Amino acid sequence: MKASVLRAPGGYSRIEIQNIPDPGEPGPGEMRIALHASSLNYHDLLIAKGSLPTADGRTLMSDGAGVVEVVGAGVTEFQPGDHVVSCFFPQWCDGGPSDSVGNYGQTPGDGVDGFASEFTVRPAGHFTRAPKDWSHSEAATITTAGLTAWRALVGDGHLKAGDTVLILGTGGVSLAALQICCMMGAKAIVTSSSDEKLGRARALGATHCVNYRNNAAWGAKVMELTDGRGVDHVIELGGPGTLSQSIDAVRVGGHISLIGVLTGRQGDVPTARLMGKQVRLQGLVVGNRRQQQEYVAALEGSDVRPVIDRSFALEDLPEAFRYQERGSHFGKICTEW
Ligand SMILES: NC(=O)c1ccc[n+]([C@@H]2O[C@H](COP(=O)([O-])OP(=O)(O)OC[C@H]3O[C@@H](n4cnc5c(N)ncnc54)[C@H](OP(=O)(O)O)[C@@H]3O)[C@@H](O)[C@H]2O)c1
């Protein structure tokens, strides 16, 4: 079967379409899935570039969506024909994070083979149902970006109608967070480097928009937009270069979800202000299978559909990563076959 694999030591020119062995029939507790789509995340990009080393010949991509073809003995949750979407941490079913989810050792496309292939055979619990009537590309956005936003706001943040959320950027995690705010009656303030993207965020339901390039003190601007109160939650994607402004923008007793480190891996943290405002700063990596099931149920009860900027053929995955790296996208980039 066809697969997109990465040859060591990585780099876009080391991504190859190869014929790899068909995974065959499922054993007890497993299912065979015909995969049709994946979506690109920063984690996949780091693997593809070789910045996060992985095994020679690794099948790429953490997100996977497709159709169940055959179920093995004892599988009762799914049946042939079901549309399913993969889990980022297949071994993390429920509850809080543990050591086993800290090292990506079982994360598809990193510690184990990913989903950039025509078929896979995995334990049934490594997937959940996809939302009814969603395309495979739409469903694939749930695994990493969507679930991260859901866990940040709902699992960790206990988001309520009327809450105000500051969302940094307009990529995959950010727009999933914006759509969750709309679904749940929360207000969203979105920042971007682009006025054009901000116009599109407003059309999707953002209450306020701030261009972080033109407003160096965007934290103070957000404080002004909330009448001096500050936001209840922050979707923090920048890390060291943005955290100080996010602390400016959050209310006393508010919640910051530390999700991304787009501006660097370490830096100064204004610890006294963080303490003085009694802010809850929560680092998080994606979420568990139970949260994914709850997210899928919530999506099915809404009319939200993910924002897909562009889709590429599997053969064009190197070009898709270059496009992602250029940063002009709004929402998700997908690959489908
Ligand atoms: N912890 C987790 O579980 C988890 C899960 C998924 C992703 N992430 C991380 O979250 C980050 C975003 O992921 P993604 O998939 O949403 O990426 P993406 O689709 O590529 O979007 C990145 C967005 O970040 C915005 N951005 C870049 N620099 C910024 C800055 N200085 N201030 C504010 N916004 C900035 C850009 O917005 P504009 O173009 O509008 O300026 C860009 O659209 C990455 O660091 C990724 O590794 C973490």
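The structure we're discussing is the one just above.
Computed from a predicted structure; not experimentally measured. (Residues numbered from 1 in each chain as written. Predicted model: local features only at pLDDT ≥ 70, side-chain atom pairs only at ≥ 80, totals over all residues. Heavy atoms only, no water.)

Draft legend 1. View of the overall build of the chain. Counting secondary structure elements, the chain contains 10 helices and 16 strands. Over its C-alpha trace the chain gives a radius of gyration of 20 Å, about what one expects of a compact globule, namely 20 Å for 337 residues. For the C-alpha atoms alone, the extent of the chain along its principal axes is close to 60 × 40 × 40 Å. Sequence-distant contacts, at least 24 apart, represent 68% of the contacts inside the chain between residues at least 6 apart. Carbon and sulfur atoms provide 50% of the accessible area of the chain, an area that totals close to 13,700 Å². (Helix = DSSP H or I, 4+ residues; strand = E, 2+ residues; numbered from the N terminus. Rg over C-alpha atoms; globule rule 2.2 N^0.38 Å. Contact = heavy atoms within 4.5 Å. Areas by Shrake-Rupley, 256 points an atom, 1.4 Å probe, with all protein chains shown as cover.)

Draft legend 2. Structural detail: the pairing of strand β3 (residues 30-39). Judged by how many residues are buried, β3 sits mostly within the fold: 8 of 10 residues are covered. Bridge analysis of β3 against strand β7 (residues 119-123) gives 5 bridges, and the strand direction is antiparallel. Bridged to Arg32 within β7 is Val121. With 6 bridges connecting them, β3 and strand β5 (residues 65-71) associate as antiparallel partners. Bridging across to β5, Ala37 finds its partner in Ala65. With 3 bridges joining them, β3 and strand β16 (residues 332-336) adopt antiparallel strand pairing. Its bridge partner being in β16, Ser39 is matched across the sheet by Cys334. (Buried < 20%, exposed > 50% of the residue type's maximum accessible area, 1.4 Å probe, protein only. Pairing = 2+ DSSP bridges.)

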